[in-house]
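A closer look at the structure
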Amino acid sequence: MRAETQNLVSEIKQSVGLLRRHLDVDAATQRLAELNKAAEDPNLWNDPVKAQKAMRERDALEDQLKALARIEQDLEDNLMLIELGETEGDSATVADAEVALKGLKGEVSRRELEALLSGEADANDCYLEVHAGAGGTESQDWASILLRMYVRWAEKKGYKVDWLEESEGDGAGIKSATVQIKGHNAYGWLKSENGVHRLVRISPFDANARRHTSFASVVVYPVVDDNIKIEINEKDVRTDVMRSGGAGGQHVNKTESAVRLTHEPSGIVVKCQQDRSQHRNRAMAWDMLRAKLFEREVKKREAVAEAEQDAKTDIGWGHQIRSYVLQPYQMVKDLRTGVSTSDSAGVLDGDLDLFMQAALAQKAFGGEPVVVEDVE
């Protein structure tokens, strides 16, 4: 076996060992058996929220255990093919197995990073807000493109997206919008997307076809469950009701069903117009407020040097975390990790794992940013 292949196999085996320790296979197998037994109890669904959480945990454990078993089997199969190919002088078989091992290394690395999502709320659903920066129609159109990018990413992951609030732009796009993304580790993956995103392109709204720079900010915070206690003094919260705006059916602008909560000590504001019922919108808004306050406390504990409300920071030069350049060349580059790609169309269609994995790895392992692909 070539020395390069031996090193690759050694790296895969090391990563598989780490995966087994992170997962704790015996404990995970026992927990999966417990959840499978609970799923057979019809009384489980008397509490739909608790049942859905249990089923998500079951599906995640089953996926992790099956993936680990398959990776170990694929490693063994490809090593056997290499040995067989070398014995029979079949270089094509050896080459195919080596290619398969490289793909396997990529999957193991991704699974290893995913195993690091062990923060207090990493496994939870999350809220994602997008806010247009200064610049009118340009930034509002960019905000709608950015929101679509995250919705496409979520759909590719098999996550569910609920639209909670949307404020339409003056001529195109959106001023702001909030969605809830439901799926295992949704917050763990998306939390690194907090910040300002910069777009450079030839404006479709400029008759002279000039190049414009636009900004929009993204705010991500976890949905908090019963295991996370957040106390809020109702006297500190101002409640406003208003007519719903944006897409939503015939009831829009006819009933005062939208609810906005303002937590006066922190200045945090949340708004929900998802439902026709003001009562249900109010309940959802309180959930969102608790989630934002929890995220605020997490940032304090982790001593993260971020504003408590990214949506209220200066959305412009010097604050961006990622640049999306469509003219005069194609490049998306993360300014924190140095990761870049020329596939801007793919990124805007939701191919974000490259950036999320790099951000997670940098936070977990530290070190200087590493440029994966530098396209100038």
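See the structure above.
This report concerns the structure included in the present document. (Residues numbered from 1 in each chain as written. Predicted model: local features only at pLDDT ≥ 70, side-chain atom pairs only at ≥ 80, totals over all residues. Heavy atoms only, no water.)

1. A word on the overall build of the protein chain
The cut-off we apply is this: Helix numbers and strand numbers start at the N terminus; a helix is a DSSP run of H or I with at least 4 residues, a strand a run of E with at least 2. For each residue, the accessible area found with a 1.4 Å probe, counting protein chains only, is set against the maximum for its type, and the residue is called buried under 20%, exposed over 50%, and partly exposed in between. Contacts between residues were defined by any pair of non-hydrogen atoms, one from each residue, lying within 4.5 Å. Working definition of accessibility: Shrake-Rupley area with a 1.4 Å probe, residue cover restricted to the visible protein chains.
Counting its regular elements, the protein chain contains 9 helices and 11 strands. Taking all 376 residues of the protein chain together, 46% fall into the buried category. Sequence separation of at least 24 residues holds for 65% of the intrachain contacts in the protein chain that already meet a minimum separation of 6. Surface accessibility of the protein chain: about 19100 Å² in total, with carbon and sulfur atoms responsible for 48%.

2. Topic: the packing of aromatic side chains
The following threshold applies: Stacked, tilted and edge-to-face are the three classes applied to pairs of Phe, Tyr and Trp rings, where Trp contributes its six-membered ring and a pair requires centres within 6.5 Å; stacked means planes under 30 degrees apart, edge-to-face means over 60, and tilted covers the rest.
Across all of its chains, the model carries 3 aromatic pairs by this definition. Seen in terms of ring centroids, Tyr 127 and Tyr 221 are 5.2 Å apart; in terms of plane orientation they differ by 35 degrees. Their pairing is tilted. Here the residue Tyr 127 occupies a position in strand 1 (residues 126-132), and Tyr 221 occupies one in strand 5 (residues 211-222), the gap between them amounting to 94 residues. Accessibility classification places Tyr 127 together with Tyr 221 in one group, the buried group. Each ring, one from Trp 153 and one from Tyr 159, has its centre 5.7 Å from the other, and the planes form 75 degrees; the classification is edge-to-face. With a relative accessible area of 13%, Tyr 159 lands in the buried category.

3. With respect to the environment of Val 151
For Val 151, the position within the fold is in helix 5 (residues 137-156). With relative accessibility at 11%, the residue Val 151 sits in the buried group. Distance in space between the C-alpha atoms of Val 151 and Ile 181 is 8.4 Å, their sequence separation being 30 residues. When near neighbours in sequence (up to four residues on either side) are disregarded, Val 151 contacts Val 161 and Trp 163.

4. Brief notes about the sheet that holds strand 5
Heads up, the rule is: Only strands joined by at least two bridges in the DSSP assignment are considered to pair. Structural elements are reduced to axes, namely lines fitted to C-alpha atoms, with helices fitted over the stretch in contact, and the angle between N-to-C directions of any two is expressed from 0 to 180 degrees.
Pairing is mixed in the open sheet, where 8 strands are placed in the order 2-3-1-5-4-9-10-11. In the strand order of this sheet, the two ends are held by strand 2 (160-168) and strand 11 (340-341), each with one partner. Where strand 4 (residues 195-202) meets strand 9 (residues 320-325), 5 bridges bridge the pair, whose relative direction is parallel. When the bridges of strand 9 are listed, His 197 appears paired with Arg 322. Contacts between helix 5 and the sheet are confined to strand 1, strand 2, strand 3 (174-182), strand 4, strand 5 and strand 9, with strand 5 contributing the most and set at about 45 degrees to the helix.

5. So, the pairing of strand 5
Taken residue by residue, a regular strand's side chains alternate between the two faces of the sheet. Among the 12 residues in strand 5, 9 count as buried, and that is most of the element. Both strand 1 and strand 5 contribute to a ladder of 7 bridges, which runs antiparallel. The residue bridging Val 130 from the neighbouring strand is Val 218, located in strand 5.

6. Structural notes on helix 4 (residues 91-115)
Inclusion rule: How far a helix is expected to stretch is found by multiplying one less than its residue total by 1.5 Å. Here a polar contact is recorded for every N or O atom pair within 3.5 Å, except that within protein the pair must consist of a potential hydrogen donor and a potential acceptor, and residues adjacent in sequence are included only if both atoms are side-chain atoms.
A rise of 1.5 Å per residue sets the reference length of helix 4, with its 25 residues, at 36 Å; its end C-alpha atoms lie 36 Å apart and thus fit the reference within 8%. Those residues of helix 4 not exposed but buried are Val 94, Ala 97, Glu 98, Leu 101, Leu 104, Lys 105, Glu 107, Val 108, Arg 111, Glu 112, Leu 113 and Glu 114. A side-chain oxygen of the first residue of helix 4 lies 3.3 Å from the backbone nitrogen of Ala 92; this N-cap is Asp 90.

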